[in-house]
Each structure stands twice: as structure tokens, then as C-alpha cells.
Amino acid sequence: MARMRTGIIGCGNISGIYFQNLKNSDWVEVVACADLVVDRAKERAQEYNIPHVFTVEEMLAHPDIELIINLTIPASHASVDVAALEAGKHVYSEKPLAVTLEEGRLVLETAGKKGLRAGCAPDTFLGSAIQTARAAMEQGLIGRPVAACAFNLGAGPETWHHNPEFFYAAGGGPMMDMGPYYLTALVELLGPASRVSASAGIQIPDRFVGSGPNSGQAIPVQTPTHLAGTIDFESGAIVSMITSFDIPAGSELPWIEIYGTSGTLSLSDPNFFNGDVRIRRHGSEAWETLPPAFECGRNERGLGVNDMVQSIREQRDHRASARLAYHVLEIMQSFQQSSLEARHIVLQSTYRKEPLPSFTAQLKG
């Protein structure tokens, strides 16, 4: 079956791993790239042997390109997605889906109106770590899940990123940057969320670019940099979550733990595809490492794109979908809304989990 001819819009930091991982894809053929900085697109094209460098307008108008991978900055995700869909092309975006719920709904509505697919990162939940944890839970290894925690605590990206200003602009911050990895994993494991209660603040307001040509330049902080709260899930599980750019010395708290009536699961960093999944069973003081349900690499970004194209060919739902990303976006937006309005936020969206893939191994009980 012919691979789907694809164009990538946005040739910044994250694009390299997509070009690299998709070059040998059975489902996707990257034939063009575009960037507002044309020289950056030319560099990527030369590096990965991409046939065409287009403007965004040229790419959207090209009749042979069926799919757009949108790797622009978060503030542009929704507008580029909608433009691609209006041009009659499927679209897959980096996270987050959008920076407002209104923009996110527009992406979903446009995809539905056009009869096209809209996908969105992260796709790390398709990796062996999260899928091993889900298989363990569905096989009853920890009993009924009653609670969980998720922590992402560290310094801000100005310590390594040459142009970190957008991380601190409206729509940025640690929740919108790293929250999608954690929340997508939690929804995959626990199902949809129903309510959020949180506090948010700017605990360290003075920020400066730490490297590159703009080193020393002040960064305006326009969004919360520390968010802490609880998420109620439809299943009854209660999740405690903290995400922060205000912890420069780091933390020893776990990335994600899931607590069940007969055991606890401890998960690795959900920003990556593989990693150990450990279980501590009720009555035992020892942790066991579960065998991975399947083998995968540490960084397989593009897995969600491949799954989406395969699902189009096979006429089934894809897993890293805009519907899932919208539910995650509403959870993230509700943290700040809850803090500002001093109340619980009842979520309006929900999400139906896709079945476990057939290749997920039976784990030892």
C-alpha cells in the first residue's frame, strides 16, 4: 500500500526526531517541509533528503500532499491545523492541541465537517511503559484503582532553550508544556476525568534567557509557573498532581504512581516511550519490575502519526486523537480556572479509551 505523502510545517527543535523516525516509515512519506525561517527548512531538507521546501501556502495548496504534521509553536497549533483541514488535508499536531478551549473545539469541528482526521501528540502513551502499566491494571494486578499521583518538578526551560519566551507566554507554562505527557498517560490508564480543583501561581517571577545569542535577556512571565491540584476521574480515582518550573534544585518525588486496592504501580517518565514499570503487591515490602508488554525505543515520536495513517487505511479510530488531546486540554485549562475562580471545575468533555492493542502481552499475575 502506498505511503501517505506528508508535509511538515515547523522545522525547529522537535522536528529532527520526526524527520529521523519517519524516514523509514511503512505508512508515511515526508515529501516537503516548510518554516517561517526558510533557511531552517532548507537545512532540514538537506539533512534528511526531503525533496521539496515550500512556503506554508504552497504546501497547503499542493494536491499531492494528504497529511500535514504541524510542529509550529503552541500558539499556532490550532490555526495551522484548521488551515490544513480547510485545505482538505489530514493533520497531526505537536502538543498541546491549542492554547484555548475555543480553538481546540474549532479543530474538532473543522475535522468533523471536512470528514478528515485530526491527531495530536503526545504519542508517548503508545510506548511500552504506559501500555505495560495499562495491561497490568486491566489484568487486575493492583485491584481497583483508587488514587494516583503525578509530579513534574524542575527548573524552567530557559536553562537550555535559546528562545524560551513562548514557554512563559499566555498558553505556556509547565502545565501546557509537560502536562500533556502526564495527563494523557493518566487518561489512558484511568479513563476520562470529571472534575479539577487547583491552585496556581508565579512563584519565581524573575526569568532570564540562560544560553544562546539572547543570554541574559529578561523574560516576561505571563502564565502560572507552579500548579498543584486534584483531579477526580469518572472511575472514582482521585489524582494529586503538581507541575512546576519553580523547583531549580529538582525533586525525588515519583513521576506517576497508581494506587489500587491490592497493589501499587510506579511508572517511569511519561515523556519517554519505554522505561521500567514496577509493582508492589499488597502484603509485600518488595518492588518487582514487570516485563515490558513489548519492546520499543526511548524516543519514538511519530508513532502516533503512523497509527493515524494506518487507521485511515484500515477504517478504524486512531489513538493519539484530537478528541483525547481536547479532553487533556480541558483538564489543563481547568487548573488555572479553578485557582482564579476559587472553585471546583466540572469538565464538559469526556473520552472513550481505545481497546488495548492485540500485541500487548499477557503479564504474569
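Okay, so let's go over this structure. (Residues numbered from 1 in each chain as written. Predicted model: local features only at pLDDT ≥ 70, side-chain atom pairs only at ≥ 80, totals over all residues. Heavy atoms only, no water.)

Description of the packing of aromatic side chains
Tallying each qualifying case throughout the model produces four aromatic pairs. Between tryptophan 160 and phenylalanine 167, the aromatic rings sit 6.4 Å apart at their centres with planes inclined by 65°, giving edge-to-face as the arrangement. By relative accessible area, which is 8% here, phenylalanine 167 ends up buried. Following the ring pairs from residue to residue traces out a cluster consisting of Trp160, Phe166 and Phe167. Positioned over the ring face of tryptophan 287 is arginine 278, at 4.6 Å from the centre of the ring. Positioned over the ring face of phenylalanine 272 is arginine 298, at 3.6 Å from the centre of the ring. (Phe/Tyr/Trp six-rings, centres within 6.5 Å; stacked < 30°, edge-to-face > 60°. Buried < 20%, exposed > 50% of the residue type's maximum accessible area, 1.4 Å probe, protein only. Lys NZ or Arg CZ within 6 Å of the ring centre and 35° of its normal.)

So, helix α1 (residues 15–22)
Every α-helix carries 3.6 residues per turn, so stepping three or four residues along brings you back to the same face. Where burial is concerned, most of α1 is hidden: six out of the eight residues are buried. Along α1, the residues that are buried comprise Ser15, Gly16, Ile17, Tyr18, Phe19 and Leu22. The secondary structure elements touched by the buried residues of α1 are β1 (4–9), β2 (28–34), α2 (38–48), β4 (67–70), β5 (90–93) and α8 (303–314). (Helix = DSSP H or I, 4+ residues; strand = E, 2+ residues; numbered from the N terminus. Contact = heavy atoms within 4.5 Å.)

Let's talk about the pattern of salt bridges
Here the structure, examined in full by the defined rule, presents 17 salt bridges. Among the salt bridges present, the one from glutamate 158 reaches arginine 207, with a minimum N-O distance of 3.0 Å. Separated by 49 residues along the polypeptide, glutamate 158 in the loop between β7 (145–153) and α7 (173–190) and arginine 207 in strand β9 (residues 207–208) bring together distant segments of the chain. For glutamate 158, a relative accessible area of 9% gives the class buried. The class for arginine 207 is buried, based on a relative accessible area of 4%. Through salt bridges with shared partners, a single ionic network connects Arg134, Glu138, Glu188 and Arg319. (Salt bridge = Lys/Arg side-chain N within 4 Å of Asp/Glu carboxyl O.)

Structural notes on the sheet that holds strand β3 (residues 52–53)
Overall, parallel pairing links the six strands, which are arranged β3-β2-β1-β4-β5-β6 in an open sheet. Strands at the two margins of the open sheet, each flanked by one partner only, are β3 and β6 (118–120). Looking at chain direction, β5 and β6 are connected through three bridges and run parallel. Within β6, the residue paired with serine 93 across the bridge is cysteine 120. Contacting β1, β2, β4, β5 and β6, α8 runs over the sheet at an angle of about 155° to β5. (Pairing = 2+ DSSP bridges. Axes fitted to C-alpha atoms, helices over the stretch in contact; angles between N-to-C directions.)

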